[in-house]
Amino acid sequence: MADQTDEEVRERLKTALWFSIGKIVDEESMRRNRNATPQFIGALAELVWSQIENVAIDLESFSRHANRTTVTTDDVLLLARRNQDLHSIVKDIVDKEKARKLRSKTKGKGRG
């Protein structure tokens, strides 16, 4: 795997995405008694791939703008700012995770 070029890794990721989207579409098609063509699955996979690339670029830009080399939850929240529903969902998850970590820290400090 270390010998793979960036392009080979990219193609493997795209193939895995295509496969995963195909499985989801097949499951939903069966559940809803509908059909989806391979062309539809391919177009959907390309659309999702393009969206992933755009999100990655935006997250890296936000992180770089903050003089960080690591993407944080703040970057994700900034990315979701224009979609209020998505922002609310992500913020709830982030807040719950921060509260959980804080609780586990305070439990550890109470001993000894």
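Going by an unreviewed UniProt entry, the protein carries the name Kinetochore component CENP-S-domain-containing protein and comes from Cercophora samala. Reading the Sequence similarities (unreviewed entry) entry of the UniProt record for the protein gives the comment "Belongs to the TAF9 family. CENP-S/MHF1 subfamily."

Okay, helix H2 (residues 38-65) next. Taking 1.5 Å as the rise per residue, H2 with 28 residues should run 40 Å; its terminal C-alpha atoms sit 40 Å apart, in good agreement. Buried residues of H2: Ile41, Gly42, Ala45, Trp49, Leu59, Phe62 and Ser63, and no others. Elements in contact with the buried residues of H2: helix H1 (6-32) and helix H3 (73-79). Within two residues after H2, asparagine 67 carries a phi angle of roughly 60°, on the positive side.

Here we come to the environment of valine 55. Looking at where valine 55 falls in the secondary structure, it is placed in helix H2. With relative accessibility at 26%, the residue valine 55 sits in the partly exposed group. C-alpha separation for the pair valine 55 and methionine 30, spaced 25 residues apart in sequence, amounts to 31 Å.

Reading guide: rules and limits
- Residues numbered from 1 in each chain as written.
- Predicted model: local features only at pLDDT ≥ 70, side-chain atom pairs only at ≥ 80, totals over all residues.
- Heavy atoms only, no water.
- UniProt positions renumbered as here; feature names shortened; annotations may be inferred.
- Helix = DSSP H or I, 4+ residues; strand = E, 2+ residues; numbered from the N terminus.
- Expected span 1.5 Å × (residues − 1).
- Buried < 20%, exposed > 50% of the residue type's maximum accessible area, 1.4 Å probe, protein only.
- Contact = heavy atoms within 4.5 Å.

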